[in-house]
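Residues per chain, in single letters:
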Amino acid sequence: MRLQIYTQAIWRPRVPSSNRVRSSFPQTTRALIFAGLTAIGALTSGSTFAGDIQQGEKLYKACKACHQIGEGARNGVGPHLDGLFGRVAGSIDGFKYSNAMKAKGEDGLVWDEASLDQYLAKPRAFVPGTRMSYLGMKKPEDRTAIIAYLKAQSVAAPSVDPTAAAPARAEIGSAAMQIEGDAEYGEYLSSECVTCHQLSGHADGIPSIVGWPNEAFIRALFEYKSNIRTNQVMQNMTLNLGNEEIAALAAYFGSLDPK
Amino acid sequence: MPNLTRRSFGLLAGAGVASLAMPFYARAQGKPRAVVIGGGAGGATAARYIAKDSGGDIDVTLIEANPTYTTCFFSNLYLGGYRTFESITHSYDKLASNYGITVINGMAMMVDRDAKVVVMADGSKVPYDRLIVSPGIDLIYDSVPGYSAEAAEIMPHSWKAGAQTQLLKAKLDALENGQNVVMVAPPNPYRCPPGPYERVSMFAHVFKEKGFTDSKIIIIDPKEKFSKQALFQEGWAKYYPGMVEWYGPDVHGGLVKVDPATGEVETDLDTFKGDLVNVIPAQKAGMIAEKAGLTNETGFCPIDPASMRSKADDTVFVIGDACIAGDMPKSGFSANSQAKVAAMAIRGDLTGSRVFPAKYSNTCWSLIETNDGVKVGAQYAPTEEKIASTSTFISQTGEDAALRQQTYEESVGWYNGITADIFGS
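Residues numbered from 1 in each chain as written. Chains lettered and ligands numbered in written order. Predicted model: local features only at pLDDT ≥ 70, side-chain atom pairs only at ≥ 80, totals over all residues. Heavy atoms only, no water.

J.: Hey, could you run me through the sheet that holds strand β16 (residues 271–273) of chain B in this one?
T.: Each strand in a sheet pairs with its neighbour through backbone hydrogen bonds, running either in the same direction (parallel) or in the opposite one (antiparallel). Residues and elements named next belong to chain B. A sheet is described by the order of its strands in space; here 3 strands give the open sequence β14-β15-β16, paired in antiparallel fashion. With one partner strand each, in any of the chains shown, β14 (255–259) and β16 form the two edges of the open sheet. Neighbour-to-neighbour, the strand axes of this sheet turn through a mean angle of 15°, independent of strand direction. Pairing analysis gives 4 bridges linking β14 to strand β15 (residues 264–267), with the strands arranged antiparallel. Across the sheet, the residue bridging to K257 is E266, located in β15. (Pairing = 2+ DSSP bridges. Helix = DSSP H or I, 4+ residues; strand = E, 2+ residues; numbered from the N terminus. Axes fitted to C-alpha atoms, helices over the stretch in contact; angles between N-to-C directions.)

J.: Is there a simple way to think about the sheet that holds strand β8 (residues 125–127) of chain B in this case?
T.: All names here are of chain B. Spatially, the 3 strands line up as an open sheet ordered β6-β7-β8, and their pairing is antiparallel. Of all the strands in the sheet, the pair left with one neighbour each is β6 (108–112) and β8. Sheet twist, expressed as the average angle between the axes of neighbouring strands with direction ignored, equals 25°. Inspection of the sheet shows strand β7 (residues 117–120) paired to β8 by 3 bridges, in the antiparallel sense. Paired with V119 across the two strands is K125, which belongs to β8.

J.: Help me understand the packing of helix α5 (residues 163–173) of chain B against helix α6 (residues 195–210) of chain B, please; the structure alone is not making it clear to me.
T.: Describing two packed helices takes the angle between their axes plus the distance from one axis to the other. Residue and element names in this part refer to chain B. Running from N to C, α5 and α6 point in directions that differ by 35°, and their axes come no closer than 11 Å. The chirality of how α5 crosses α6 is right-handed. When α5 is examined against α6, the residues L168, L172 and D173 are found in contact with a partner set consisting of R199, F203, V206, F207 and K210. For the contact of α5 with α6, the class distribution of residues is 5 nonpolar, no polar and 3 charged. (Left-handed = near helix turned anticlockwise from the far one by under 90°. Contact = heavy atoms within 4.5 Å. Nonpolar A, V, L, I, M, F, W, Y, C, P; charged D, E, K, R; others polar.)

J.: Sorry if this is basic, but what is going on with the packing of helix α10 (residues 183–190) of chain A against helix α13 (residues 243–254) of chain A here?
T.: Residue and element names in this part refer to chain A. Across the interface, α10 lies against α13 with an axial gap of 7 Å and an inter-helix angle of 95°. The pairing of α10 with α13 is recorded here as roughly perpendicular in orientation. Here A183, Y185, G186, E187, L189 and S190 of α10 lie close against α13, whose contacting residues are E245, A248, L249, A251, Y252 and F253. Tallied by class, residues from the contact of α10 with α13 come to 8 nonpolar, 2 polar and 2 charged. (Parallel < 35°, antiparallel > 145°, perpendicular 65-115°, else oblique.)

J.: Whenever I open this one, the interface of chain A and chain B confuses me. Can you help?
T.: Accessible area lost during the coming together of the parts is what is often quoted as the interface size. With 23 residues of chain A at the interface, the matching set in chain B holds 36 residues. Roughly 2,300 Å² is buried in total at the junction of chain A and chain B, and carbon and sulfur atoms are behind 51% of that figure. Of all residues in chain A, A:Y188, A:T195 and A:Q232 give up the largest surface area on contact with chain B, accounting jointly for 26% of the area buried on that side. Taken together, the links from chain A to chain B amount to 2 salt bridges. Note that A:R124 and B:E409 form a salt bridge whose closest N and O atoms lie 3.9 Å from each other. Our count for the contact surface shared by chain A and chain B stands at 12 residue pairs in polar contact (both at pLDDT 80 or more). Of the residues forming the side of chain A that touches chain B, the biggest block, 4 residues, is contributed by helix α12 (residues 232–238) of chain A. Its residues assigned to classes, the side of chain A that touches chain B shows 10 nonpolar, 8 polar and 5 charged. (Buried area = accessible area lost by both parts, 1.4 Å probe. Salt bridge = Lys/Arg side-chain N within 4 Å of Asp/Glu carboxyl O. Polar contact = N/O pair within 3.5 Å; in protein donor to acceptor, adjacent residues only side chain to side chain.)

J.: In this structure, what is going on with the nonpolar core? I would like to understand it.
T.: Across soluble globular proteins, you tend to see nonpolar side chains buried next to one another. Ranked by size, the top nonpolar core spans 144 residues in total, and within it A:F253, B:V118, B:M308 and B:W414 carry the most contacts. Among the elements that make up this core, the one with the highest residue count is helix α10 (residues 332–351) of chain B (10 residues). Those residues in contact with B:W414, other than ones at most four positions away along the chain, are A:T195, A:C196, A:I206, B:F73, B:F74, B:F333 and B:W365. With 25 residues, the next largest nonpolar core counts A:Y60, A:Y119, A:M137 and A:A145 among its residues. (Core = buried A, V, L, I, M, F, W, Y, C linked by side-chain atoms within 4.5 Å. Buried < 20%, exposed > 50% of the residue type's maximum accessible area, 1.4 Å probe, protein only.)

J.: What exactly am I supposed to notice about unusual backbone geometry here?
T.: A negative phi angle characterises most non-glycine residues, just as the trans form characterises most peptide bonds. Residue and element names in this part refer to chain B. Of the consecutive residues N188 and P189, the connecting peptide bond is found in the cis state with omega at -10°. Along the chain, the position of P189 falls in the loop between β11 (181–184) and α6. One non-glycine residue, K228, adopts positive backbone phi at about 55°. Here K228 shows up in the loop between β12 (217–220) and α7 (229–239).

J.: Help me out: how do you make sense of the pairing of strand β22 (residues 387–394) of chain B in this one?
T.: Look at any regular strand and the pattern is simple: side chains alternate between the two faces of the sheet. Residue and element names in this part refer to chain B. Sheet analysis places strand β21 (residues 372–382) next to β22, joined by 7 bridges and oriented antiparallel. Note that in β22 the partner of Q379 across the bridge is S391. In this antiparallel pair of consecutive strands, β21 and β22, the connection spans 4 residues.

J.: How do you make sense of the packing of aromatic side chains when you look at a structure like this?
T.: Aromatic rings considered in pairs are described by the distance between their centres and by the relative angle of their planes. For the structure on display, the rule yields 28 aromatic pairs over all chains. Through a chain of ring-to-ring contacts, the aromatic side chains of B:F73, B:F74, B:F333, B:W365, B:W414 and B:Y415 assemble into a single cluster. Looking at A:K151, its charged tip hangs above the ring of A:F85, at a distance of 5.6 Å from the centre. The ring of B:Y415 carries B:R83 above its face, with NZ or CZ at 4.8 Å from the centroid. (Phe/Tyr/Trp six-rings, centres within 6.5 Å; stacked < 30°, edge-to-face > 60°. Lys NZ or Arg CZ within 6 Å of the ring centre and 35° of its normal.)

Put into structure tokens, the structure is as follows:
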């Protein structure tokens, strides 16, 4: 346990350890000790990561409804996470980011262990106005684990069977997905939604629902309808929505750009 | 372009008010006119939706007596110290600047339904083709013997948010350990069914924070049961053991009178002395609804459940707390939901736009203690005789802390969502 905390301390600093080692070289003895320690850190962190990664994989279940990672990952409700480390925030072409996230990227925010750690701790505090509805991960060790998992998945991009990448699960709401949603009808129906879900796409306690891919939106509503998702308000709201209505809502909200 | 025209027209109309030069508000030529009385959760939403969805084809005027609006919902959280007064107060600026709505800051005194004009306190007249009346509630002070508008300065009701809410907060904050609060709860039907009990929770929260172990909160209730009762009573026992005492009519036997001079609340059973007394009297539709002849013997306004149209007048709609909305509670959420149905019906009347079947919904969140929120809600559809609930839900007793925190966070998100939906963004 003590070892694990120690290796995290080595692993987590903002400055990559390779830079630190280099800057430490001009000093003689202390530098050698430091370099030695870093090497031990690097060695042990390999095995620690393995443990963390398993934990991280479990934790990632909370993310994967919206984020895809690994070979063949595409944008969903959230941007895909391949090549995440070193990526400028809000920079994937074609993904509907909040203005807040785009501004962060323009201000120079790059995703690395340190910035992800801060973001995941409390997304709305780190990027006020983010569309991400996740409230935050309190435990530092959980964040370390999930970042280790993300890093393993994202950087190594393990080869995945292409057929497995597109799972042939019995798609809930598939009938609604085949309907061309009437966005105008959706706009009318949306007046019930926007009492809580902000049209701006801001998420504070209530998820952002603008700019979602059509299928993800439809799937989510059907998951409420069939009690796979368990929010009482949404279960109640979706009770009387049919395929036409759900397709219309998906088309309307999907056509909007977050602010 | 139509927006620009309407905006500059709004300025002109405003200038007219200032100089009192024009007995009639000028209006865009040939455009049908929708006028809304009352800029709360119902009226402001209706004005915004008519303006937004008609794309400039309807001339929209919003009449509101106050320059800003303080929401009743979340005003208890201000009492509990969770919100600032500023954070629950909203401006009408965006309705004017972003949606081209003419906002008249004044008091509507009368509606001449034959001439289709609203008569303002200054004598000016606002003509309409369709009128929405959304005045909220008026308090029936004498429903509580000994209580009056003057007594409300000593025993605040704080059931219309604003100065009364600040007065109650000041009195609450001035209490010392060992001093007691007595609340006289209202009879049905009233604005915000769980509101009095959320307020009691906030009183108790403040006492607990200050370590007031000797203070009590006594509720004298004319009702035998109340909204979310099991949830509140579970929460009070859990967080504020021994602090809250609720007495229904079978215990106190009936309210005799209140005495603002002594702080006494007399019932058949006993006389309770409050260092702070919060009297929430019986309620009826806002005065203008009665003056316009839209109310019935209940003091509220009958409406057509499918459109929110007044039963008394096809060209008038009544929404929010002032109307008789069947199974829907009197809440900001309900008013906002009813406003959208009325706005759609009015656009159908005035521009022939498509009218979809009415749907209504409501959710009421309440905070019991920090990060412990509960909710109750339903969906509704019109039947021949009323707006009837089609499905309902309520938080359960014994829910875990994570779910309760999520429910609270959801209520904060809802507040941001609904206020953007009412006042524009």
